[in-house]
Each structure stands twice: as structure tokens, then as C-alpha cells.
Amino acid sequence: LEFRRVLFRSAYIHKLFQNCAYEELSGWIDILEAYFAAEGSLTAAADALYIHKNTLTYKLKKLAELTGYDVRLISNAPVFYMAMLFFQDVKVEIEW
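Being a predicted model, the structure only gives us computed values, none of them experimental.

> Please provide a residue-by-residue account of the packing of aromatic side chains, values included.
Any two aromatic rings considered together are summarised by their centre-to-centre distance and by the angle between their planes. Counted according to the given criterion, the structure contains six aromatic pairs. For the pair Phe17 and Phe80, a centre-to-centre distance of 6.4 Å together with 65° between the ring planes defines the contact as edge-to-face. A residue pair is termed long-range when its members are at least 10 positions apart, and Phe17 in the loop between α1 (2-16) and α2 (22-37) and Phe80 in helix α5 (residues 77-90) qualify at 63 residues. Phe17 gets classed as buried once you look at its relative accessible area, which sits at 1%. Residue Phe80 is classed as buried on the basis of its relative accessible area of 0%. On the basis of an interplanar angle of 75° and a centroid distance of 5.7 Å, the ring pair of Tyr35 and Phe36 is categorised as edge-to-face. Pair check on accessibility: Tyr35 and Phe36 agree, each one buried. The structure contains a cluster of three or more aromatic residues connected by ring pairs, namely Phe8, Tyr12 and Phe86.

So, in C-alpha cells, the structure goes:
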């Protein structure tokens, strides 16, 4: 059962992020963690990441291009929230 959980969660992440390398994926997750911790506030998330708000906006647009989902849309946000939680759960258990 544990193996299936890890397998499902890692497959979800790989499919959403188009098989990004671990370092790139980890960078996207850092952005998502800041974004969700800031409750969607671009200014607060950018401050937490020590980047300009426009830089964060650009990165979120790139993420939408990569995945086909825009975290800024309330209907798409759960897709990324689940990916973030799954990554936090399995990042120590799997090799990328």
C-alpha cells in the first residue's frame, strides 16, 4: 500500500510537470509553497521569495505554459496544491 501511494503521487507530479528534472521541479514547488502560504497574494509571495512581483507573475505564466493549468485561477489552484502536498510527501522517498 505504501508503494502504491508513492507511485501514484510521483506519477501525478511527473505528469503535471511534464517530467521536469528534480531541480526545476523543486523550484516550481518553492514558488507554489510561497504562493499558497500568501493565500494567492502575488505581492506577499514575491516578498517571501525575495523576487519582484513582476518576476513572480512571469514565472507563474511560464508554469501555466508548462502544465496547461494556471494556479491563479481558482478552478486550477487545487491541481497545484495537491502536487505541492504530494511532492512534500514523496520527495524523500523517491529518486528523480
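> Tell me about the pattern of salt bridges, residues and numbers included.
Considering all chains together, one arrives at five salt bridges under this definition. A salt bridge links Asp89 to Arg5, with the shortest nitrogen-to-oxygen separation between them at 2.0 Å. Separated by 84 residues along the polypeptide, Asp89 in helix α5 and Arg5 in helix α1 bring together distant segments of the chain. For Asp89, a relative accessible area of 24% translates into the label partly exposed. Between Arg72 and Asp70 there is a salt bridge whose closest N-O contact spans 3.0 Å. A relative accessible area of 16% means that Asp70 is categorised as buried.

> I'd like to hear about the nonpolar core, residue by residue, with values.
Grouped together as the largest cluster of nonpolar side chains are 28 residues, with contacts concentrated most on Phe17, Leu32, Phe36 and Phe80. For this core, the secondary-structure elements that each account for two or more residues are α1, α2, α3 (42-49), α4 (53-67) and α5. Once residues within four sequence positions are removed from consideration, Leu32 is found in contact with Phe17, Leu63, Val71, Phe80 and Met84.

> Break down a nonpolar patch on the surface for me, with residues and values.
Nonpolar side chains collect at one region of the surface, where Tyr81, Met82 and Leu85 lie side by side and expose about 240 Å² of accessible area between them. Along the chain, Met82 falls in helix α5. Classification of Met82 as partly exposed rests on a relative accessible area of 34%.

> Help me get a handle on the environment of Val71, residues and values and all.
For Val71, the position within the fold is in the loop between α4 and α5. Overall, the relative accessible area of 3% leaves Val71 in the buried class. The spacing of Val71 and Thr57 is 14 residues in sequence and 11 Å in space, taken between C-alpha atoms. Contact partners of Val71, with chain neighbours within four places excluded, come to Leu32, Tyr35, Phe36, Leu60, Ala77 and Phe80.

The rules behind these values
Residues numbered from 1 in each chain as written. Predicted model: local features only at pLDDT ≥ 70, side-chain atom pairs only at ≥ 80, totals over all residues. Heavy atoms only, no water. Phe/Tyr/Trp six-rings, centres within 6.5 Å; stacked < 30°, edge-to-face > 60°. Helix = DSSP H or I, 4+ residues; strand = E, 2+ residues; numbered from the N terminus. Buried < 20%, exposed > 50% of the residue type's maximum accessible area, 1.4 Å probe, protein only. Salt bridge = Lys/Arg side-chain N within 4 Å of Asp/Glu carboxyl O. Core = buried A, V, L, I, M, F, W, Y, C linked by side-chain atoms within 4.5 Å. Contact = heavy atoms within 4.5 Å. Patch = residues over 30% accessible without salt bridge, like charges linked within 9 Å, V, L, I, M, F, W, Y side chains within 5 Å. Areas by Shrake-Rupley, 256 points an atom, 1.4 Å probe, with all protein chains shown as cover.

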